[in-house]
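# Observations on the three-dimensional arrangement
Listed here are the chains, written in short residue letters.
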Amino acid sequence: MKIIKAKDYEDMSRKAANIISAQVILKPDCVLGLATGSTPIGAYKQLVAWYEKGDVDFAEVSTYNLDEYRGLSHDDPQSYHYFMRENFFDHINIDLNNTHVPDGSNPDAAAACSEYDKIVAAAGYPDLQLLGIGNNGHIGFNEPDDHFSKGTHCVDLTESTIQANSRLFDSIDDVPRQAYTMGTQTIMYARMILVVANGEAKAQAVHDMCYGPVTPACPASILQLHTNCVVVADEAALSLCE
Ligand code: F6R
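Residues numbered from 1 in each chain as written. Predicted model: local features only at pLDDT ≥ 70, side-chain atom pairs only at ≥ 80, totals over all residues. Heavy atoms only, no water.

### Here's the deal with the side chain of Q46
As for its placement among the helices and strands, Q46 is situated in helix α2 (residues 41-53). With near-sequence residues (within four places) excluded, Q46 lies in contact with R14 and A17. (Helix = DSSP H or I, 4+ residues; strand = E, 2+ residues; numbered from the N terminus. Contact = heavy atoms within 4.5 Å.)

### Thoughts on the environment of Y64
Inspection of the secondary structure assignment puts Y64 in strand β3 (residues 62-65). For the pair Y64 and N98, spaced 34 residues apart in the sequence, the C-alpha separation amounts to 8.6 Å. Sequence-distant contacts of Y64, that is, excluding residues within four places in its chain, are made with V31, L32, G33, L34, H100, Y116, I119, V120, A123 and M182.

### Quick word on helix α7 (residues 203-211)
When we look at burial in α7, the residues that qualify are A203, A205, V206, M209 and C210. Along the axis of α7, the buried positions cluster into a sector of 165°, meaning they face one direction only. Next to the buried residues of α7 lie β1 (2-6), β9 (193-197) and β10 (229-234). (Buried < 20%, exposed > 50% of the residue type's maximum accessible area, 1.4 Å probe, protein only. Arc of directions from axis to C-beta.)

### Observations regarding the nonpolar core
Ranked by internal contacts, the top residues of the largest apolar core, which has 30 residues, are L32, L34, F58, F88, L130 and L194. Mapped by element, the contributors of at least two residues to this core are α1 (9-26), β2 (31-34), α2, α3 (80-87), β6 (128-131), β9 and β10. Setting aside anything within four residues of it in sequence, one finds F58 in contact with V24, L47, Y51, F88, I92, N93 and I94. Membership of the second largest hydrophobic core comes to 28 residues, among which are M209, C210, L223 and V231. (Core = buried A, V, L, I, M, F, W, Y, C linked by side-chain atoms within 4.5 Å.)

Worth remembering: the numbers are spatial, not functional.
Encoded structure:
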């Protein structure tokens, strides 16, 4: 695991965007695994700015997002489909047919998840997988558990995740209780993993991811076993790693 310390959120975002744009420049038809949440928004903004300057071209890129709330349609403003268009896809020259997010509008969880596994496998898995990390160490929506997960599956969100995500909803009662998420094994198939984290609230999770025991109680800890994992985090998120 390589740990890169950033001064603050802007610095973290720029460094992460540099790594992603290098991947796209080196392999224009690369497969990117993408994340939602607050943390990667700055990196997406930076990539959009570089795209507008003509420095990076997404015409041949394809993307696979980690997760989606179960029960939300693609055009629901709280859905991760919507988030990706609003924060990234609608501002770059990516072909929307090459962007993929699990289908939260499909109530048949088994079908939605196995369909997603098939398309991610058919794409050959991501060249680069971008990840945020939950306060409880989750990656994607793989919550702390007694075993690591494999492929895409339906999860019950923990109270801590529902609480953390409620800031983006009108009320905590509006936060969906379930999500479809890529499994830990699928995440580990990516050829490179880039984790971004900022702020003190992430300090314990970042410490446990990098230096704690490898355990499903902290799903991100499995990244210690990945041969090409880079963590870009600000000083606050790294404060317990000194
Ligand atoms: C989002 C995702 C989640 C988030 C994590 C951190 O697609 O998979 O694991 O990365 O919950 O969220 P933020 O960045 O909002 O703190």
